[in-house]
Amino acid sequence: MIDLFSGLDAWVLVSLLLALAFVLAYEFINGFHDTANAVATVIYTKAMPPHLAVFFSGVFNFLGVLLGGVGVAYAIVHLLPVELLINVNTGHGLAMVFSLLAAAITWNLGTWYFGIPASSSHTLIGSILGVGLANALLSDIPLGDGVNWQKAIDIGASLVFSPMAGFIIAALVLIGLKWWRPISKMHKTPEQRRKVDDKKHPPFWNRLVLVISAMAVSFVHGSNDGQKGIGLIMLVLIGIVPAQFVMDLNSTTYQIERTRDATLHLSQFYERNHESLGEFLALGKSVKDDLPGKFRCNPQQTEPTIAALLSSLKGVSDYHSLSPESRIEVRRYLLCLDDTAKKVGKLPGISAREKADLDKLRKDLTATTEYAPFWVILAVALALGLGTMIGWKRVVQTIGEKIGKQGMTYAQGMSAQITAAGLIGLANIFSLPVSTTHVLSSGVAGTMVANKSGLQSGTVRTILLAWVLTLPATVALSAGLFWAASKILGT
């Protein structure tokens, strides 16, 4: 790891270490900011003592980061065109990184302080969009090129629809439990259980389900939110020291050959589908070579891009043998081919079988660019896991008592947690960032409605207001910080 940073100017190295510290601080804050969402029901229902619930939540958050992969991480990375980051000077890159991190940390701390279950996902994504848009305006780049809008729309849709799904599914699960066991003790609140049955804890099976589902929420939270931290660190590393991190320098000869083979097979795929793709890709035509364009990937330059990539990788068995400039160039070619292949997959006239082949080729193309060093994953896992073990008290009461007009029953806690674990786990499979906060809070609200308990309008209004304001507030905050930093640094 240390050799990756050798040869850097002292000020760049200090700035890089500071940026990494900021990211880990963000993940630490994310840990205690979102902990309450994972353990609120299990603590409120007294299924586990607070210190044990928080400790094991931290452990499962840690495991979730370690075992969760990097799909969600690169959904975050690709919010910004990576070409933008690797073509700006180091000062510009530092301004972007510190602006988005400062905005995210500020908003997260503020909402945590006031006990508002706000979304760390919205916070991070808004901060990234803010610096992307501000960078485009300051650099006279079209706004369409400052942000990957298709990726932003996909992520935005997952953030909007997941709370709605949480509300509806949790309500249906509770209705199912009431239909199955209408007079069960699981429909009592902790207060009713104490007064009527003189028992402090839930019935055994209810308690077991509450504990298991809480740990499942912690695990999928670690997997989803931890990957956001991994994506942030990769943004930092690619933006500040691109020569070392634009490619996985530890790629084996086999992995490099697989990338080269995927490029050849992609060319053959396009030739097989020449009739339907010829015009879109300008196959076999002489098109003005604007391949070196700084921020654009033109589908009509696909053939020259494939030729250039194959030429760059010819005889390469170790990425260390490529010059820093060549590594950046190879990454740009791979990103452009992947971007075009994604667009091709959405065109009419391509059979389902061919689309499946194209998806496999895209995975092989990006195998050596969409990665994260183990030390990055471990650092994020530790920061999130340790952060999980503090700061949980402020939001637990909001989740347990202030969303509904009555206290939460054991069945409601189980319904909300099972729903949250399932939805977030599903989002991880499809590499979509979602908000643990909003999925669980909306699940609790759904059970309150299904239980005819009613909702506390003040709390719901506050949560909805935070949901609505987080994105524009963080966009404006990060954009303003980036503008100020750019003026100070003169970038």
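See the structure shown above.
Below or above, wherever it landed, is the structure these notes cover. (Residues numbered from 1 in each chain as written. Predicted model: local features only at pLDDT ≥ 70, side-chain atom pairs only at ≥ 80, totals over all residues. Heavy atoms only, no water.)

**Describing the overall build of the chain**
What counts is decided by this rule: In DSSP terms, a helix is any run of H or I states spanning at least four residues, a strand is any run of E spanning at least two, and both are numbered starting from the N terminus. Accessible area is worked out with a 1.4 Å probe on protein chains only. A residue is then buried under 20% of its type maximum, exposed over 50%, and partly exposed in between. Whether two residues are in contact is decided by their heavy atoms: any pair within 4.5 Å suffices. Each accessible area is a Shrake-Rupley estimate made with a 1.4 Å probe; only the visible protein chains count as cover when residues are assessed.
Looking only at helices and strands, the chain features 21 helices and zero strands. The buried share among the 491 residues of the chain stands at 55%. By sequence separation, contacts in the chain at least 24 residues apart represent 84% of the contacts at least 6 residues apart. In the form shown here, the chain has an accessible surface area of approximately 20,700 Å², with 64% of it arising from carbon and sulfur atoms.

**Details of the environment of phenylalanine 56**
Of note, phenylalanine 56 is situated in helix α2 (residues 50–67). A relative accessible area of 34% means that phenylalanine 56 is categorised as partly exposed. Separated by 158 residues in sequence, phenylalanine 56 and alanine 214 have C-alpha atoms that sit 9.5 Å apart. Residue contacts for phenylalanine 56: discarding those within four places in its chain leaves Met48 and Met215.

**Overview of the nonpolar core**
Inclusion rule: By nonpolar core is meant a set of buried Ala, Val, Leu, Ile, Met, Phe, Trp, Tyr and Cys residues that side-chain atoms within 4.5 Å join together. Domain delimitation follows an automatic or database domain assignment.
In terms of nonpolar packing, the biggest core is built from 88 residues, with Ile230, Leu237 and Tyr270 touching the most fellow members. Looking at which element gives the most residues to this core, the answer is helix α5 (residues 90–113), with ten residues. Both of domain 1 (2–245 + 374–489) and domain 2 (253–366) provide at least three residues apiece to this core. Those residues in contact with isoleucine 230 that lie beyond four places of it in its chain are Val65, Val70, Ala73, Ala372, Val376, Ile377 and Val380.

**Here we look at the pattern of salt bridges**
Quick reminder of the rule: Put simply, a salt bridge is a Lys or Arg side-chain nitrogen that is within 4 Å of an Asp or Glu carboxyl oxygen.
Under the criterion given, the structure shown has ten salt bridges. We note a salt bridge from aspartate 197 to lysine 188, for which the minimum N-O separation is 2.8 Å. Of the charged contacts, one joins aspartate 225 and lysine 228 as a salt bridge, the two residues approaching to 3.0 Å between their closest N and O atoms. Here aspartate 225 and its partner lysine 228 are both found in helix α10 (residues 204–240), three residues apart, which amounts to about one turn of the helix. The pair aspartate 225 / lysine 228 is uniform in exposure class, with both members buried. When salt bridges with common partners are traced through the structure, they connect Lys188, Arg193 and Asp197 into a single cluster.

**Quick look at the side chain of serine 218**
Relative to the helices and strands, serine 218 is located in helix α10. Residue classification places serine 218 among the buried residues on the basis of a relative accessible area of 0%. Among residues more than four places away in sequence, those in contact with serine 218 are Ala38, Ser57, Phe60 and Asn61.

**Some thoughts on the packing of aromatic side chains**
Applied cut-off: Pairing of aromatic side chains requires ring centres within 6.5 Å, counting the rings of Phe and Tyr and the six-membered ring of Trp. Pairs whose planes differ by under 30 degrees are stacked, by over 60 edge-to-face, and all others tilted. Charges are assigned to positions over rings by a cutoff of 6 Å between ring centre and Lys NZ or Arg CZ, combined with an angular limit of 35 degrees from the ring normal.
In this structure the tally under the stated criterion is four aromatic pairs. On the basis of an interplanar angle of 85° and a centroid distance of 5.3 Å, the ring pair of phenylalanine 22 and phenylalanine 98 is categorised as edge-to-face. On the criterion of sequence distance, the pair formed by phenylalanine 22 in helix α1 (residues 10–44) and phenylalanine 98 in helix α5 is long-range, its members being 76 residues apart. The class for phenylalanine 22 is partly exposed, based on a relative accessible area of 28%. When the centroid spacing of 5.3 Å and the interplanar angle of 75° are considered together, the rings of phenylalanine 55 and phenylalanine 56 count as edge-to-face. Sitting above the plane of the tryptophan 180 ring, arginine 181 keeps its charged end 5.4 Å from the centroid.

**Section: the packing of helix α8 (residues 149–180) against helix α20 (residues 436–450)**
Our working rule: Angular values range over 0 to 180 degrees, each being the angle between N-to-C directions of two axes fitted as lines to C-alpha atoms, with helices fitted over their stretch in contact. An angle counts as roughly parallel when it lies under 35 degrees, as roughly antiparallel when it exceeds 145, as roughly perpendicular when it falls between 65 and 115, and as oblique in every other case. Handedness of a helix crossing follows the sense of rotation of the near helix relative to the far helix, less than a right angle counterclockwise being left-handed and clockwise being right-handed. The nonpolar class holds Ala, Val, Leu, Ile, Met, Phe, Trp, Tyr, Cys and Pro. Asp, Glu, Lys and Arg form the charged class, and all remaining residues, Gly among them, are polar.
It is at 7 Å that the axes of α8 and α20 come closest, and there the two elements cross at 40°. Judged by the angle between their axes, α8 and α20 are oblique. Here the hand of the crossing between α8 and α20 comes out right-handed. Counted together, Ser162, Pro163, Gly166, Phe167, Ala170, Ala171, Leu174 and Ile175 of α8 and His438, Val439, Ser442, Gly443, Ala445, Gly446, Thr447, Val449 and Ala450 of α20 form the full contact between these two elements. For the contact of α8 with α20, the residue count by class is ten nonpolar, seven polar and no charged.

**Considering a nonpolar patch on the surface**
Put simply, the rule reads: Patches here: salt-bridge-free residues with over 30% relative accessible area, like charges joined within 9 Å, nonpolar side chains (Val, Leu, Ile, Met, Phe, Trp, Tyr) joined within 5 Å.
On the surface, a nonpolar cluster with roughly 640 Å² of combined accessible area is contributed by Phe28, Leu52, Phe55, Phe56, Leu382, Leu386, Met389 and Ile390. Of note, phenylalanine 28 is situated in helix α1. Residue classification places phenylalanine 28 among the partly exposed positions, given a relative accessible area of 30%.

**A closer look at unusual backbone geometry**
Of note in this structure, aspartate 198 is not a glycine but carries a positive phi near 55°. Given the relative accessible area of 67%, aspartate 198 is considered exposed. In this structure, serine 431 takes a positive phi of about 55° despite not being glycine. Taking relative accessible area as the criterion, serine 431 reaches 27% and is therefore assigned partly exposed.

**Digging into the packing of helix α12 (residues 253–272) against helix α15 (residues 324–344)**
It is at 12 Å that the axes of α12 and α15 come closest, and there the two elements cross at 40°. When the axis of α12 is compared with that of α15, the two are oblique. For the pair α12 and α15, the crossing hand works out as left-handed. The segment α12 lies against α15, with Thr259, Thr263, Leu266, Phe269 and Tyr270 engaging Leu334, Leu337, Thr340, Ala341 and Val344. Grouping the amino acids of the contact of α12 with α15 by side-chain chemistry returns seven nonpolar, three polar and no charged.

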